[in-house]
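# Coordinate analysis (summary)
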Amino acid sequence: MTEMAPSMRIELTVNGNRRALDVPVHHTLLDVLRDDLELTGTKECCLVGECGACTVSMDGRIVDSCLVLAVEADGSAVVTVEGLSRDGRLSPLQQAFLDSGAAQCGFCIPGQLMAADDLLSRNPHPTVAEVHEGLAGNLCRCGGYQQITEAVLATAEDTGR
């Protein structure tokens, strides 16, 4: 007979919606977002915090959701890539990624978008070097770094953000 893993009740606000759920104590925030809340925009890739595909905003700072236990996020406000759009419309940053051809295979794009959104919230007019530094923790296996950089800079130019 197998024992059930201990669970804990957590509450968090995800993309503006308050959620309460019981989660196994060993599950990551990534597990909860994808499996329990069915927010599959956040991607599972390396599971060791090296690639950035699972980047989300937690309490106003970006984190690799594969490295955060869900119980550590109890009481937090989390924004995923799905939370960047408003009223069913893509954000200017998301649209710029599409317009510039930055969304190639799409696997890294949610993390890239979250890191870029964070960068632009802190620095609305970044230089190319600042964009590269701001997105340094996010790997693109397709090599679309130029298009990603162009999308971030276009967003900064068009919206001041």
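Please refer to the structure placed before this passage.
Just so you know, these numbers come straight off a predicted model, no measurement behind them. (Residues numbered from 1 in each chain as written. Predicted model: local features only at pLDDT ≥ 70, side-chain atom pairs only at ≥ 80, totals over all residues. Heavy atoms only, no water.)

## Here's the deal with the overall build of the protein chain
Along its length, the protein chain carries 5 helices and 5 strands. Ordered by position from N to C terminus, the α and β elements of the protein chain give β-β-α-β-β-β-α-α-α-α. For 161 residues, the compact-globule formula gives about 15 Å, and the C-alpha radius of gyration of the protein chain, at 16 Å, lands near that figure. C-alpha extents for the protein chain along the principal axes are approximately 55 × 30 × 25 Å. Across the 161 residues in the protein chain, those meeting the buried criterion constitute 42%. Across the protein chain, the fraction of contacts at a sequence separation of at least 24, relative to all contacts at a separation of at least 6, is 55%. (Helix = DSSP H or I, 4+ residues; strand = E, 2+ residues; numbered from the N terminus. Rg over C-alpha atoms; globule rule 2.2 N^0.38 Å. Buried < 20%, exposed > 50% of the residue type's maximum accessible area, 1.4 Å probe, protein only. Contact = heavy atoms within 4.5 Å.)

## A few points about the environment of S121
Looking at the element boundaries, S121 is found in helix α3 (residues 109–122). Note on S121: relative accessible area 46%, which makes it partly exposed. For the pair S121 and A156, spaced 35 residues apart in sequence, the C-alpha to C-alpha distance is 9.9 Å.

## Quick word on the pattern of salt bridges
Taken as a whole, this structure holds 3 salt bridges when the rule is applied. Note that R9 is salt-bridged to D22, the shortest N-O span being 3.4 Å. In this pair, R9 is assigned in strand β1 (residues 7–14) and D22 in strand β2 (residues 17–24), connecting sequence segments 13 residues apart. A residue is classified by how much of its surface remains accessible, and R9, at 49% relative accessible area, is partly exposed. Looking at D22, the relative accessible area reads 48%, which means it is partly exposed. Of the charged contacts in the structure, one is a salt bridge between D118 and R122, with a shortest N-O distance of 3.0 Å. Residue D118 and its partner R122 are located together in helix α3, separated by 4 residues, close to a single helical turn. Take R122: its relative accessible area is 55%, and that puts it in the exposed class. (Salt bridge = Lys/Arg side-chain N within 4 Å of Asp/Glu carboxyl O.)

## Looking at the nonpolar core
Buried together is how nonpolar side chains tend to be arranged in soluble globular proteins. Among the nonpolar cores identified, the biggest contains 21 residues, and L93, F97, I109, L113, L135, I148 and V152 are the most heavily contacted of them. Breaking this core down by element, the ones donating at least two residues are α2 (92–100), α3 and α5 (145–159). Setting aside residues up to four positions removed in sequence, L135 forms contacts with Q112, A115, A116, I148 and V152. Membership of the second largest hydrophobic core comes to 17 residues, among which are L12, L29, V63 and A70. (Core = buried A, V, L, I, M, F, W, Y, C linked by side-chain atoms within 4.5 Å.)

## Some points on the environment of V152
Assignment of secondary structure puts V152 in helix α5. As for V152 and V71, which are separated by 81 residues in sequence, their C-alpha atoms are 33 Å apart.

## Remarks on the pairing of strand β3 (residues 55–58)
Burial of the side chains of β3 extends over both faces: T55 and S57 are buried on one face and V56 and M58 on the other. In the sheet, β3 pairs with strand β4 (residues 61–64) via 4 bridges, with the strands oriented antiparallel. Following the sheet pairing, S57 is matched in β4 by I62. Hairpin connection, β3 to β4: the antiparallel pair is bridged by 2 residues, and D59 has positive phi, about 50°. By the bridge criterion, 2 bridges tie β3 to strand β5 (residues 77–79) in an arrangement that is antiparallel. (Pairing = 2+ DSSP bridges.)

## Focus on unusual backbone geometry
Residue N15 is not a glycine yet carries a positive backbone phi of 55°. By secondary structure assignment, the location of N15 is in the loop between β1 and β2. With a phi angle near 50°, D59 is a residue other than glycine that sits in the positive phi range. Assignment of secondary structure puts D59 in the loop between β3 and β4.

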